[in-house]
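Observations on the three-dimensional arrangement
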Amino acid sequence: AQSVTQLDSHVSVSEGTPVLLRCNYSSSYSPSLFWYVQHPNKGLQLLLKYTSAATLVKGINGFEAEFKKSETSFHLTKPSAHMSDAAEYFCVVSGYNQGGKLIFGQGTELSVKP
Amino acid sequence: GAGVSQSPSNKVTEKGKDVELRCDPISGHTALYWYRQSLGQGLEFLIYFQGNSAPDKSGLPSDRFSAERTGGSVSTLTIQRTQQEDSAVYLCASSLELNTEAFFGQGTRLTVV
């Protein structure tokens, strides 16, 4: 069975410093992996996706994630945080052995201090 | 349409009443998903559709919950005899096919009083 673990429920950074949001997955097959962002009282927006092409995936707003099969990780990074990055971030896994169901992590709340 | 549309955006209902939530997916998307998000919680899977079929209904919390999809397009989620614990934001998403990126609607905020 597939599962997703987001290792931090809350991350706080200062504006202009790097962001690292950690995600580990469990999957018997080659998974599809996604990061979504949810700003307060807003819907979920796709940040980026990994679907077995390049292992380093670039997304919107300067975010990127690296798929590491050996570590079963898909961590989200950004070189320099902006105040507008403050939001909830969800790591998601999908795969054919789950019939295509999207499995969400519990979310990481990112706070950005001025 | 340009995106996934959900209606109503807000619904307040009395305990014991039935409610119907509607989702209009992106045109041409074969897969459709329903999730529930309670205050401060992650996303809870409810059900998904491939075309008009629902291969996985395992997430429906009780037999008060049902969903259908017609014409490979619009889906409705029905909650019968609503309870206060049903209060949450109900999110719908669609994707071109399974295992591809899903696009979410803005959700329906359900409050049971």
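Residues numbered from 1 in each chain as written. Chains lettered and ligands numbered in written order. Predicted model: local features only at pLDDT ≥ 70, side-chain atom pairs only at ≥ 80, totals over all residues. Heavy atoms only, no water.

1. A few points about the overall build of chain A
The helix and strand inventory of chain A stands at zero helices and twelve strands. Listing each helix as α and each strand as β along chain A from the N terminus yields β-β-β-β-β-β-β-β-β-β-β-β. Relative to the compact-globule value of 13 Å for 114 residues, chain A shows a C-alpha radius of gyration of 14 Å, a close match. Along the longest, intermediate and shortest principal axes, the C-alpha atoms of chain A span 45 × 30 × 20 Å. With 114 residues in all, chain A has 46% of them scored as buried. Taking all contacts inside chain A whose residues are at least 6 apart in sequence as the whole, residues at least 24 apart take part in 57%. With an accessible surface of roughly 5400 Å², chain A has 50% of that area assigned to carbon and sulfur atoms. (Helix = DSSP H or I, 4+ residues; strand = E, 2+ residues; numbered from the N terminus. Rg over C-alpha atoms; globule rule 2.2 N^0.38 Å. Buried < 20%, exposed > 50% of the residue type's maximum accessible area, 1.4 Å probe, protein only. Contact = heavy atoms within 4.5 Å. Areas by Shrake-Rupley, 256 points an atom, 1.4 Å probe, with all protein chains shown as cover.)

2. Concerning the interface of chain B and chain A
It is common to report an interface's size as the accessible area lost on association of the parts. Listed by partner, the interface residues are 19 residues for chain B and 20 residues for chain A. Both sides of the chain B and chain A interface together cover about 1700 Å² of buried area, and 51% of this is carbon and sulfur. Linking chain B with chain A are one salt bridge. Between Glu101 of chain B and Lys49 of chain A there is a salt bridge, with the nearest N and O atoms lying 2.7 Å from each other. The interface formed by chain B and chain A includes five residue pairs in polar contact (both at pLDDT 80 or more). The residue inventory of the side of chain B that touches chain A, partitioned by class, reads nine nonpolar, seven polar and three charged. (Buried area = accessible area lost by both parts, 1.4 Å probe. Salt bridge = Lys/Arg side-chain N within 4 Å of Asp/Glu carboxyl O. Polar contact = N/O pair within 3.5 Å; in protein donor to acceptor, adjacent residues only side chain to side chain. Nonpolar A, V, L, I, M, F, W, Y, C, P; charged D, E, K, R; others polar.)

3. Here we look at the packing of aromatic side chains
All names here are of chain A. On inspection of all chains with the given rule, the structure shows 14 aromatic pairs over all chains. Plain terms: the ring middles of Tyr50 and Phe67 are 4.1 Å apart, the flat faces sit at 15 degrees to each other, and that makes the pair stacked. Of this pair, Tyr50 sits in strand β6 (residues 44-50) while Phe67 sits in strand β8 (residues 64-68), and the two are 17 residues apart along the sequence. This pair shows no difference in class: Tyr50 is buried, exactly as Phe67 is. (Phe/Tyr/Trp six-rings, centres within 6.5 Å; stacked < 30°, edge-to-face > 60°.)

4. Quick word on the pattern of salt bridges
A side chain of one charge can pair with a side chain of the opposite charge when the charged atoms of the two come close. Counted according to the given criterion, the structure contains seven salt bridges over all chains. Across the salt bridge formed by Glu64 of chain A and Lys58 of chain A, the nearest N and O atoms sit 2.8 Å from each other.

5. A look at the pairing of strand β11 (residues 108-112) of chain B
Residue and element names in this part refer to chain B. Here β11 shows one buried face, formed by Thr108, Leu110 and Val112, and one open face, formed by Arg109 and Thr111. Pairing geometry for strand β2 (residues 10-13) and β11, over four bridges, is parallel. Residue Asn10 lies in a different strand from β11, and its bridge partner there is Arg109. By the bridge criterion, three bridges tie strand β9 (residues 88-95) to β11 in an arrangement that is antiparallel. Across the sheet, Val89 pairs through a bridge with Arg109, a residue of β11. (Pairing = 2+ DSSP bridges.)

6. Details of unusual backbone geometry
Residue Pro8 of chain B is reached from Ser7 of chain B by a cis peptide bond, and omega for that bond is -10 degrees. Relative to the helices and strands, Pro8 of chain B resides in the loop between β1 (5-7) and β2. The backbone of Asn41 of chain A shows a phi angle near 60 degrees, a positive value even though the residue is not glycine. Turning to its location among the elements, Asn41 of chain A is positioned in the loop between β5 (32-38) and β6. Positive phi values are uncommon outside glycine, yet Asn61 of chain A reaches one of about 60 degrees. You can see Asn61 of chain A is positioned in the loop between β7 (56-58) and β8.

7. A few points about the environment of Gly28 of chain B
Note that Gly28 of chain B resides in the loop between β3 (19-24) and β4 (31-37). Classification of Gly28 of chain B by relative accessible area gives exposed; the value is 55%.

8. Quick look at the pairing of β3 of chain B
Residue and element names in this part refer to chain B. Side chains of β3 alternate between two faces, with Val19, Leu21 and Cys23 buried and Glu20, Arg22 and Asp24 left unburied. Across three bridges, β1 lies against β3 in antiparallel orientation. Among the inter-strand pairings, Gln6 is bridged to a residue of β3, identified as Cys23.

9. A word on the state of the cysteines
Residue and element names in this part refer to chain A. Evaluation of the coordinates by the stated rule reveals two disulfides over all chains. A sulfur-sulfur separation of 2.0 Å characterises the disulfide bridge that pairs Cys23 with Cys91. An S-S torsion of about -70 degrees defines the bridge between Cys23 and Cys91 as left-handed. Of this pair, Cys23 sits in strand β4 (residues 23-26) while Cys91 sits in strand β10 (residues 87-94), placing them 68 residues apart in sequence. (Disulfide = S-S within 2.5 Å.)

Distances and angles like these do not, on their own, reveal function.
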